[in-house]
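Residue strings, one per chain:
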Amino acid sequence: MARFVLRRLALLVPVLIGLSILLFAWLRALPGDPARSLLGQRATPDGIARVNEAYGFDQPLLTQYFSYVKALLTGDFGSSINDGRPVVETFLEKFPATLELGVSALLLAVVVGVPLGYLAARNQGRALDTFVVSGSLLGVVTPVFFLAILLKLVFADWLNWLPTSLRQDARIDATHITNFYLLDGLLTREWDAAFDALLHLILPAVALGTIPLAIIVRITRASVAEVLNEDYVRTAESKGLSRQTVSRRHVLRNALLPVVTTIGLQAGLLFSGAVLTETVFAFNGIGQYLFTAIGGRDYPVLQGYILFIALIYALINLLVDLTYGVIDPRVRVS
Amino acid sequence: MSTVVSTPQDEAKGVSLWRGAWQRLRRNPTAIVGALIVLAFILVALAAPLLTPYEPGSAQWAGEVTPTEVPGPYEGHILGLDRFGSDLYTQLVFGARQSLIYGVVSTAIGLTAGTFLGVLAGGLGGWVDTAVMRLVDIMLSVPSLLLAVSIAAVLGQNAYAVMIAIGAAQVPIFARLLRGSMLSQGRSDYVLAADALGIRRRRIVMGHVLPNSVGPTIVQATLNLATAIIEVAALSYLGLGESDPAIAEWGRMLVAAQDRFDAAPRLALLPGAAIAITALGFTLFGEALREALDPRTRR
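Residues numbered from 1 in each chain as written. Chains lettered and ligands numbered in written order. Predicted model: local features only at pLDDT ≥ 70, side-chain atom pairs only at ≥ 80, totals over all residues.

A few points about the overall build of chain A
In step 1: Scanning chain A from terminus to terminus reveals 13 helices and zero strands.
In step 2: Each principal axis of the C-alpha distribution contributes one length, and for chain A these read about 80 × 55 × 40 Å.
In step 3: Buried positions account for 37% of the 334 residues belonging to chain A.
In step 4: Counted over contacts in chain A with a minimum sequence separation of 6, partners at least 24 positions apart contribute 69%. (Helix = DSSP H or I, 4+ residues; strand = E, 2+ residues; numbered from the N terminus. Buried ≥ 20, exposed ≤ 12 C-beta atoms within 10 Å, placed from the backbone. Contact = placed C-beta atoms within 7 Å.)

So this is what it looks like as structure tokens:
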């Protein structure tokens with residue numbers, strides 16, 4: 001097990017090195033003088049000289065790359081051009097918000113998606129199935145930000161049921177230990193703060209979770225439908241096992257493998273979606289910060305955040321591969 | 001050699017894969033609905049100037065738009081105006097044209113580059129394969145929208161940047177698909193036979209393996225058209241899209257509509273629905289095509 005994890009982590013190294021080279025080249029591929037494009041309209045001769053010195057743009061390329069990697073390895077990812085804050089600092093500060101949102105969205109997708117997909121497969125061709133299948137199709141093709149805007153319009157602006165933006169009402173004086181607002185509220189027993197954080201989480205989580213939900217429904221339905229046709233399911237049924245036992249021990253266990261793979265793949269979608277969703281709801285996480293960075297061409301932030309996201313994405317997929325072993329003994333680390 | 005004829009009737013009559021797929025498509029309501037949506041979308045996109053008397057992005061009636069009110073449907077404007085004072089219906093119709101161009105060009109870029117890399121990797125094997133697949137791994141290590149964002153950010157704010165960015169983000173998908181399908185084809189009997197006959201590697205790849213991988217690639221391309229159209233809108237939303245106001249684009253219409261929600265929700269609803277319906281059409285058709293080409297469903 002440990003060897004498998006180590007080998008997978010070792011495989012990650014060339015990918016990250018390659019990505020760092022690409023991101024390094026990317027910044028240098030910007031049209032014109034990199035210092036000038038970094039500063040944009042704020043480019044003064046003085047500023048350009050400062051940036052050149054800070055980034056070493058006047059050094060040979062190879063020297064530049066090595067000092068860049070050296071800086072990365074010591075945890076120095078540079079500072080934002082917009083607000084001057086270190087990239088690592090803002091990432092650590094804002095990542096809990098995105099993680100809280102992403103986990104809620106994924107939880108929603110799995111908790112609703114797997115049973116729906118299962119029910120649809122069990123009722124193939126009936127009204128329920130048709131309804132679930134068409135609903136999931138609609139979920140897949142609706143752009144995240146359109147859905148986010150719609151939800152905000154209907155449930156926040158018109159009906160006034162839920163808050164329109166932010167992670168917590170500014171009037172609530174909440175203590176924050178972990179920066180996971182919901183968790184903080186529960187830990188400090190500030191129930192009103194926790195409840196308020198939950199209310200702020202609902203719309204963004206639904207918006208972000210819809211596409212993964214739709215995909216999980218479709219995969220679960222297809223996978224369960226396939227397993228239901230297997231001989232061993234017929235055997236188990238003809239042995240007189242109850243439907244529940246067959247479902248739990250034979251159908252779901254075998255059908256869940258592709259579903260787990262999909263959940264891992266959704267992580268990438270969640271990161272992309274978070275940029276759009278957080279922006280619509282002014283949900284102060286890495287997505288919204290990235291949005292600002294894109295608008296302001298804040299390259300150090302883009303560079304650093306993309307590297308972090310790739311790392312987290314890879315770790316999530318490693319985790320997914322490890323859960324295979326739990327579900328399917330055949331792939332228990334060979 | 002077995003002489004038992006257990007093959008489906010189609011095959012007994014010697015119906016080709018493509019003809020069989022066509023017959024199955026024609027009988028599949030999902031395929032028909034998808035094809036109709038796609039067809040309508042293409043027709044609107046092509047005939048845009050004939051469908052409306054106005055120019056896109058003209059802002060001709062800007063005087064009629066106030067900060068609190070955007071005129072709804074009235075004489076001459078069946079969907080009313082947009083917030084800049086252009087005819088909303090005209091914007092929607094010309095937006096279809098923009099989406100079609102963006103979608104097709106970016107998917108073509110992804111398809112061409114991805115196919116090239118995939119064939120290179122699958123056909124040559126060895127270190128070429130390793131190198132190509134590492135590159136694919138690196139590209140896949142970044143979520144696709146963020147990959148497109150980083151590419152678009154370098155290329156600047158114009159239509160080409162958007163198409164290249166979204167196309168490039170599709171490259172790893174096609175490269176992987178082609179390589180996988182080449183590897184599996186490479187082990188099939190007819191390739192072994194061709195190999196044994198001493199046919200050149202290049203001819204085997206180009207003449208046998210590649211044509212047999214076309215099906216899944218076309219399916220993937222159809223499905224990618226849907227994603228491309230959505231991603232173009234997403235890039236617009238992020239401020240990386242086309243900036244020329246004379247060009248109507250669904251994503252940008254949605255962005256512009258955001259602060260006029262209370263006054264005129266249709267400004268957001270219509271372009272949003274247009275994106276979703278178009279994506280739905282390509283998805284339905286792509287999935288029906290996949291089903292029709294799948295040998296397991298040839299019954």
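Thoughts on the interface of chain B and chain A
Reports of interface size often rely on the accessible area that becomes lost once the parts have come together.
In step 1: Across the contact, 33 residues belong to chain B and 33 residues belong to chain A.
In step 2: Of all elements in the fold, only α5 (126-140), α6 (144-155), α9 (201-237) and α11 (266-293) of chain B reach the threshold of two or more residues within the side of chain B that touches chain A.
In step 3: The residue makeup of the side of chain B that touches chain A, split by class, is 23 nonpolar, seven polar and three charged. (Nonpolar A, V, L, I, M, F, W, Y, C, P; charged D, E, K, R; others polar.)

Comments concerning the confidence of the model for chain A
In step 1: Looking at chain A, the pLDDT average stands at 80 and 91% of residues meet or exceed 70.
In step 2: Confidence scores differ between elements of chain A, with helix α2 (residues 34-39) of chain A showing the lowest mean pLDDT of 64 and helix α5 (residues 87-122) of chain A the highest of 89. (pLDDT = per-residue confidence, 0-100.)

Points about the packing of helix α2 (residues 17-27) of chain B against α11(B)
Residues and elements named next belong to chain B.
In step 1: It is at 8 Å that the axes of α2 and α11 come closest, and there the two elements cross at 130 degrees. When the axes of α2 and α11 are compared, the pair comes out oblique. When the axes of α2 and α11 are compared, the crossing they make is right-handed. Contact residues: α2 offers Leu 17, Ala 21, Arg 24 and Leu 25, while α11 offers Ala 288, Leu 289, Ala 292 and Leu 293.
In step 2: Broken down by class, the residue content of the contact of α2 with α11 amounts to seven nonpolar, no polar and one charged. (Axes fitted to C-alpha atoms, helices over the stretch in contact; angles between N-to-C directions. Parallel < 35°, antiparallel > 145°, perpendicular 65-115°, else oblique. Left-handed = near helix turned anticlockwise from the far one by under 90°.)

Section: the packing of α5(A) against helix α11 (residues 243-280) of chain A
Residues and elements named next belong to chain A.
In step 1: At a minimum axis separation of 10 Å, α5 and α11 run at an interaxial angle of 140 degrees. Taken as axis vectors, α5 and α11 run oblique relative to one another. Regarding α5 and α11, the two cross each other, and that crossing is right-handed. Listed contacts from α11 to Thr 98, Leu 101, Gly 102, Ala 105, Leu 106, Val 110 and Val 114 of α5 are Val 259, Ile 263, Gln 266, Leu 270 and Ala 274.
In step 2: Broken down by class, the residue content of the contact of α5 with α11 amounts to nine nonpolar, three polar and no charged.

Here we look at unusual backbone geometry
Leaving glycine aside, a negative phi is the common case for residues, and trans is the common case for peptide bonds.
All names here are of chain A.
In step 1: Its identity as a non-glycine residue notwithstanding, Ala 282 has a phi of 45 degrees, on the positive side.
In step 2: Within the secondary structure, Ala 282 is located in the loop between α11 and α12 (286-295).
In step 3: The class of Ala 282 is exposed, set by 12 C-beta atoms lying within 10 Å.

Some remarks on the domain arrangement of chain A
Residues and elements named next belong to chain A.
In step 1: Split into domains, chain A comes out as domain 1 (2-73) and domain 2 (88-296 + 306-333).
In step 2: On a C-alpha basis, the centres of domain 1 and domain 2 stand 34 Å from each other.
In step 3: Residue-level contacts link eight residues of domain 1 with seven residues of domain 2.
In step 4: Looking at the side of domain 1 that touches domain 2 residue by residue, the classes come out as six nonpolar, one polar and one charged. (Domains from an automatic or database assignment.)

Here we look at α11(A)
Residues and elements named next belong to chain A.
In step 1: An ideal rise of 1.5 Å per residue puts 56 Å on 38 residues; α11 reaches only 45 Å between its terminal C-alpha atoms.
In step 2: At Leu 252, α11 shows its maximal kink, close to 45 degrees.
In step 3: Among the residues trailing α11, Ala 282 stands out with phi positive, at a value near 45 degrees. (Expected span 1.5 Å × (residues − 1). Bend = angle between axes of the 7 residues up to and from the residue.)

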